[in-house]
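# Observations on the three-dimensional arrangement
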Amino acid sequence: MFESLDATLLARFQFAFTVSFHIVFPAFSIGLASYLAVLEGLWLWTKDEVYFSLFNFWKTIFALAFGMGVVSGIVMSYQFGTNWSVFSDKAGPVIGPLMGYEVLTAFFLEAGFLGVMLFGLNRVGPKLHFFATLMVAVGTLISATWILAANSWMQTPAGFAINDVGQFVPVDWWAVIFNPSFPYRLVHMVLAAYLTTAFVVGGVGAYHLLRGDAPKRARKMFSMAMWMAAIVAPIQIFAGDMHGLNTLEYQPVKVMAMEGHYQSHPDGAPLILFGIPNSAEQRVDYAIEIPKLSSLILKHDLNAPLAGLDSVPKELHPPVGIVFWSFRIMVAIGFAMLSIGLWSLWCRWRGTLSENRWLHRAAVLMGPAGFVAVLAGWVTTEVGRQPYTVYGHLLTANSVAPIDAPAVATSLIAFIIVYFFVFGAGTFYILRLMGRLPRDPMPDLQDGPLRTAGITPAAALASKSGSHHHGV
Amino acid sequence: MAFDLPFIWAAIIAFAVLAYVILDGFDLGVGILFPFFKEKHDRDVMMNSVAPVWDGNETWLVLGGGGLMAVFPLAYATILPALYMPLILMLLGLIFRGVAFEYRWRTRRGEFLWDIAFAGGSMVAAFSQGVALGALVQGIPVENRAYVGGWWDWLTPFSIATGFALLVGYALLGATWLVMKTSGDLAARARGYALKAGIGTLAAMGIFSLWTPFMEPLYFDRWFGWPTVAFSVLVPLLVLGCFALLIQGLRTEHDSRPFIAALGLFVLGFAGIGISFYPYIVPASLTIWEAAAPEESLSFLLVGALVLVPMILGYTAYAYWVFRGKVDPEEGYH
């Protein structure tokens, strides 16, 4: 079966597979960690138990998602060496320290305070516990910053020289970290994580509103999530547009693939809404296009010339079909999110936010949309970078480890089987927890021990809800 | 240059790896001992004794790997392909045991499944790490900045033996951890396993002390050449001292002593391996200076490491202190 597949292709497939699984969890936990910090902060500030109840509910889900993120992330940190060792040797001096800083400033912070956040409320008291929650949230954001600096450097490398053994050598760390695409990519990714979480939380809230259970908690969740969607979705579309313009400047070939521009357009390029990219014939079949719009969006001028893929040697084209479609999926979801956000504002103004069942149904449907958008966005940017690992400097084909194809094939199959089993089970547990809120209404909050001398009811709550779980 | 940056970094990476081996060693050890405890209640307590800290422990492994890529990229790029299969196995093991910490509490019907995942994953991870260590000690051929061996070269009687040795060693760390962190019947049984694993660890250290010097002339010279021979003479005495402390702690029920003694054994064994290697980072192929990243990379990360590692040690110590003392069987957020 694998005779026709070489180690490079298998390694690429393995990387795509493992990173796609991995990225879902950080995208979720970045947003969820901030949400938890907000919930606990509101609880401490307002003393309203609804926030504490929501905090405990999402904390358990966070623990599951975070655990899956950790184990799939460890795989990533070793895969650079096992499958992409030439890349590691050459680019290690630049991106290695960035990832080293990620571990030193973020991973330890998250891991160190995660234990306190999950298990320590009755040991450290609410204030220190809130501090631990904040540290976990800050850690996820710091982590995103470093990993996006590393990724952006691979997309738009800057601040380096190449030494006599072919290694990238850092010359100016400031230029390495704040490379041309980094700020755009970081903002776009963090907003994506917040939107992803908002739609998950909103979907769960809407689900419970539809079921008519736990109305106060469900209303609160749904309302918070819809504020987030209404405010962040338009900002994200703006940020995405800025990012696109930056990409046009530094990675024009990627934009050509995203837009499906096989041909150069000397006097105004059309926007291709839909069509089927045909790389063999170098054209988009069945294209539905709006004349001049692409030039207007990208150059703010109807007649601005735009170069196409015909201006680039064919062996340097990224796979156009994948990039073309993943980009459209991402954009479509972005606009769907915006619509939900605006719809929720309208309902809020009418005072029907908690009653409009069609809005709730739409929100449930859109619950997982953020994950799809994040994946589509990453496919766009990563596949669009091909055939390079370090854009313009190091080809993917020259980055791969000198390892036999059967070894990569064996590990690939093992990862596929294990990931589907392990993360399938995890997804099942998370969905079950999300659906369980009304049946597990935490009665302790009303009739449990009251807070005395800075001791919260968390201990009683934890052990009781624990026995509850085991009893289900 | 005032400072020998590759040397400083070799010391830091060695420290990170040692921290990993000791810290994840005891929580992997708890998983290795899981099958010996059948009672659900015992297993709950065992798992809760490491649940708040395992994630931080495993982060040292990421630092070891990520740090190696940053400061010794050539070592990273040659060791990892050479140890391809044991490392993939280790990762798969770590996946199963890592998720078991959360999954196990989310199901009653499937609990046995995640018990197996926790115990099996811990064993596979520990064994693979031992195999990887053995494969590294026996040497990795490098030409033109790349590994030139096959993908089964790691598999030898020596590497299999080191795999089993590390399994026993981690079991000792896990058992002494349980002695320290639990009480009653569970602690009493852990004392029994600590004694057995302690004897096993001592035997393994003896066997490898006799085996390793004859693997490679480099090691032989190091073990029996001056001044390192002083270490070769002194270490067996220190090892026996640690072993005596272990026995004494188990007998007199000074419950933290056996753990400290087990840590001592690991530090000594680790130092022994380090002294055998130095100045090689990929034995017999690359020295730390040949494998080191350019100075700009080393100094950039060093600034951060010097500030951040003490902070990390500080709040890690705080996290352990928060969960100090014997595990309360009623506790845990689940």
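Predicted, not measured: the structure shown is a model, and the values here were computed from it.

Right, let's get into the overall build of chain A. Helix and strand counts for chain A stand at 15 helices and six strands. Against the globule reference of 23 Å for 472 residues, chain A gives a C-alpha radius of gyration of 24 Å, in line with a compact fold. Oriented by its inertia axes, the alpha-carbon framework of chain A measures out at about 70 × 50 × 45 Å. When each of the 472 residues of chain A is scored for burial, the buried share is 61%. Long-range pairs, those at least 24 residues apart, make up 76% of the contacts in chain A between residues at least 6 apart in sequence.

Time to look at the interface of chain A and chain B. Residue-level contacts link 84 residues of chain A with 68 residues of chain B. Across the interface of chain A and chain B, roughly 6900 Å² is buried in total on both sides, 73% from carbon and sulfur atoms. When the buried surface of chain A facing chain B is broken down by residue, Y78, F108 and F119 of chain A rank first, second and third, together holding 12% of it. On inspection of chain A and its partner chain B, the count reaches one salt bridge. The closest approach of N and O atoms between R145 of chain B and D89 of chain A, which form a salt bridge, is 2.9 Å.

The next subject is unusual backbone geometry. Look at the link from Q386 of chain A to P387 of chain A: it is a cis peptide, with omega at 5°. With respect to the helices and strands, the residue P387 of chain A is situated in the loop between α12 (369–385) and β5 (388–390). Notably, K47 of chain A is not glycine yet its phi reads approximately 60°, a positive angle. Tracing the backbone through its elements, the reader meets K47 of chain A in the loop between α1 (7–46) and α2 (49–83). Overall, K47 of chain A belongs to the partly exposed group, its relative accessible area being 48%. Even without glycine at this site, R145 of chain B takes up a positive phi of about 60°. Along the chain, the position of R145 of chain B falls in the loop between β1 (142–143) and β2 (146–147).

With that settled, consider helix α2 (residues 40–50) of chain B. Residue and element names in this part refer to chain B. Here α2 lies mainly inside the structure; nine of its 11 residues are buried. Every buried residue belonging to α2 is among D42, R43, D44, V45, M46, M47, N48, S49 and V50, and all of these are buried. Here the buried face of α2 lies against α1 (5–33), α3 (54–71), α5 (84–103), α6 (111–137), α7 (157–181) and α8 (184–211).

A separate point is a nonpolar patch on the surface. Residue and element names in this part refer to chain A. A contiguous nonpolar patch, built from L273, F274, I276, Y286, I288, I290 and W325 and spanning about 720 Å² of accessible area, is present on the exposed surface. Every element with two or more residues in the nonpolar patch is listed here: β3 (271–278) and β4 (283–290). Structurally, the position occupied by I290 is in strand β4. Note on I290: relative accessible area 34%, which makes it partly exposed.

Turning next to the side chain of D24 of chain B. Residue and element names in this part refer to chain B. Relative to the helices and strands, D24 is located in helix α1. On the basis of relative accessible area, D24 is assigned to the buried category, the value being 0%. In this structure D24 touches A19, W54, N57, E58, L94 and R97, once residues within four positions along its chain are discounted.

Core analysis: the largest hydrophobic core is formed by 237 residues, its most contacted members being W58, F87 and W153 of chain A together with F72, Y103 and Y170 of chain B. Ranked by residues supplied to this core, first place goes to α2 of chain A with 20 residues. Those residues in contact with Y103 of chain B, other than ones at most four positions away along the chain, are L64, M68, V422, F423, A425, G426 and Y429 of chain A together with W114 of chain B. Judged by nonpolar contacts, the second largest core, of 24 residues, contains L191, F199, L359 and M366 of chain A.

Cut-offs used in this document
Residues numbered from 1 in each chain as written. Chains lettered and ligands numbered in written order. Predicted model: local features only at pLDDT ≥ 70, side-chain atom pairs only at ≥ 80, totals over all residues. Heavy atoms only, no water. Helix = DSSP H or I, 4+ residues; strand = E, 2+ residues; numbered from the N terminus. Rg over C-alpha atoms; globule rule 2.2 N^0.38 Å. Buried < 20%, exposed > 50% of the residue type's maximum accessible area, 1.4 Å probe, protein only. Contact = heavy atoms within 4.5 Å. Buried area = accessible area lost by both parts, 1.4 Å probe. Salt bridge = Lys/Arg side-chain N within 4 Å of Asp/Glu carboxyl O. Patch = residues over 30% accessible without salt bridge, like charges linked within 9 Å, V, L, I, M, F, W, Y side chains within 5 Å. Areas by Shrake-Rupley, 256 points an atom, 1.4 Å probe, with all protein chains shown as cover. Core = buried A, V, L, I, M, F, W, Y, C linked by side-chain atoms within 4.5 Å.

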